[in-house]
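# Descriptive analysis of the structure
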Amino acid sequence: MKRMMADVDAGRIDCIVVKDLSRFGRERIETGTYIAKTFKAKGIRFIAINDHYDTLTADGSETHIVMPIKALTNDNFSRDISTKVRSSQGIKREKGEYIGAFAPYGYKKSVENKNLLVPDDYAADIVREIYAEKLSGMSANAIAEGLNRRGVLCPSEYKRDKGERYATSFKQAAHSRWSAVTVKRILENAVYTGVLEQGKRAKVSYKVKREIQVPEAEWIRVENTHEPIISRQDYEAVQILLQRDMRAVGKGAKAKKNDRTPKKNAGQIGEN
């Protein structure tokens, strides 16, 4: 769409042909604006074959009455489909079926059942190692540095290496490496104890792709949905260590702030 409109602005296109109006757009207001205003202002002929609509021959009633009604019908159809998909996904989540596009690092989707997680032997061992090192007292940053030194692929690179068309909303370099943040996400994820926590993010609406965080109280949590990699005792022990790390960092930052001495006062003390 963006490339086509760039060509329209550059004067390379003077006619747009679609199978029907729904193939051009289902959002009634924006679709109507393009047909009734944008294309008309730019001298673009618009043809919807199955709707028997052609701006070159259409009269005012077709453009301002018939087409808006068809656009409204398409919009309602899109909303209905979105509602049914969300309902279906909600039922699967409550049944403990995994509906994510990609399995969490340490797992893979079962060949027999794509909604079931099974351990990925290699990655699962790395997860166990990360938890063991944290329990031994290592920081998330030290764990990440150790994995990088050994050349262990980070989760995103490992998925790509396995042939998965993985993409993420997090900013990444051309070749990603382990970081303290990545390690911490693994240490905080209850999925490794056999628990599925889904519905953490939701789209603003069926018309807007942007997602928002859902309050933890509204997550759908189901126990014993798949084979655990980490014991519940080890997971809970790690959460305690992470909380201690956070408090230690907070106290350190506060102490550092209180230790600051104005340069003027420091100079006066030196002179005395």
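Residues numbered from 1 in each chain as written. Predicted model: local features only at pLDDT ≥ 70, side-chain atom pairs only at ≥ 80, totals over all residues. Heavy atoms only, no water.

## Digging into the overall build of the chain
- Helices and strands together make up the secondary structure of the chain, namely 10 helices and nine strands.
- Looking at the chain residue by residue over its 272 residues, the buried ones come to 32%.
- Here the contacts in the chain between residues at least 6 apart in sequence split such that 61% fall between residues at least 24 apart.
- Of the accessible surface of the chain, which amounts to about 18000 Å², a share of 52% is contributed by carbon and sulfur atoms. (Helix = DSSP H or I, 4+ residues; strand = E, 2+ residues; numbered from the N terminus. Buried < 20%, exposed > 50% of the residue type's maximum accessible area, 1.4 Å probe, protein only. Contact = heavy atoms within 4.5 Å. Areas by Shrake-Rupley, 256 points an atom, 1.4 Å probe, with all protein chains shown as cover.)

## Notes on the packing of helix H3 (residues 28-41) against helix H4 (residues 60-94)
- One can describe the packing of H3 onto H4 by two numbers: an axis separation of 9 Å at closest approach and a directional angle of 150°. One finds that H3 runs roughly antiparallel with respect to H4. Relative to H4, H3 is oriented so that their crossing is right-handed. Contact residues: Arg28, Ile35 and Ala36 in H3; Thr63, Met67, Ala71, Leu72 and Asp75 in H4.
- Looking at the contact of H3 with H4 residue by residue, the class counts come to five nonpolar, one polar and two charged. (Axes fitted to C-alpha atoms, helices over the stretch in contact; angles between N-to-C directions. Parallel < 35°, antiparallel > 145°, perpendicular 65-115°, else oblique. Left-handed = near helix turned anticlockwise from the far one by under 90°. Nonpolar A, V, L, I, M, F, W, Y, C, P; charged D, E, K, R; others polar.)

## What about the pairing of strand E1 (residues 15-18)?
- A one-sided burial pattern is seen for E1, the buried positions being Ile16 and Val18 and the unburied ones Cys15 and Val17.
- In this structure, E1 lies alongside strand E2 (residues 45-48), joined through four bridges in parallel fashion. Considered in E2, the bridge of Cys15 is made with Arg45. (Pairing = 2+ DSSP bridges.)

## Things to note about the sheet that holds strand E3 (residues 53-54)
- In spatial order, the strands read E1-E2-E3; together these three strands make up an open sheet with mixed pairing. Across the chains shown, the open sheet's two edge strands, defined by having one partner strand only, are E1 and E3.
- In this structure, E2 lies alongside E3, joined through two bridges in antiparallel fashion. When the sheet's bridge partners are listed, Ala48 is paired in E3 with Tyr53.

## Focus: the side chain of His226
- Along the chain, His226 turns up in the loop between strand E9 (220-222) and helix H9 (232-258).
- At a separation of 2.7 Å, a polar atom in the side chain of His226 contacts the side chain of Thr225. (Polar contact = N/O pair within 3.5 Å; in protein donor to acceptor, adjacent residues only side chain to side chain.)

## Let's talk about the nonpolar core
- Core analysis: the largest hydrophobic core is formed by 32 residues, its most contacted members being Tyr105, Ile130, Tyr131, Trp178 and Tyr192.
- Listing elements by their share of this core, those giving two or more residues are helix H5 (121-135), helix H6 (140-149), helix H8 (180-188) and H9.
- If you tally residues by element for this core, the top one is H5, at six residues.
- Ignoring sequence-local partners within four residues, the contact set of Tyr192 consists of Tyr105, Tyr107, Val127, Tyr131, Ile186, Pro228, Ile229 and Ile230.
- If you look at the next biggest cluster of nonpolar residues, it comprises 15 residues, including Val8, Ile16, Phe46 and Tyr53. (Core = buried A, V, L, I, M, F, W, Y, C linked by side-chain atoms within 4.5 Å.)

## Digging into H6
- Those residues of H6 lying buried are Ala140, Ile143, Ala144, Gly146, Leu147 and Asn148.
- Contacts from the buried residues of H6 go to H5 and H8.

## Overview of the pattern of salt bridges
- Taken as a whole and assessed by the stated rule, the structure comprises 15 salt bridges.
- Note that Arg45 and Asp54 form a salt bridge whose closest N and O atoms lie 2.5 Å from each other.
- Residue Arg232 pairs with Glu223 through a salt bridge whose shortest N-O separation is 3.0 Å.
- You can call Glu223 partly exposed: its relative accessible area is 38%.
- A single network of salt bridges, built from pairs that share partners, joins Glu197, Lys200, Arg221, Glu223 and Arg232. (Salt bridge = Lys/Arg side-chain N within 4 Å of Asp/Glu carboxyl O.)

## Digging into the environment of Arg93
- One can find Arg93 in helix H4.
- Expressed as a C-alpha distance, the spacing of Arg93 and Gln198, which sit 105 residues apart in the sequence, is 6.6 Å.
- For Arg93, the contacting residues outside a window of four places in its chain are Ile99, Gln198, Gly199, Ile220 and Val222.

## A closer look at unusual backbone geometry
- One non-glycine residue, His52, lies in positive phi territory at about 55°.
- Inspection of the secondary structure puts His52 in the loop between E2 and E3.
- Positive phi is not limited to glycine here, since Asn224 has a value of about 50°.
- Relative to the helices and strands, Asn224 resides in the loop between E9 and H9.

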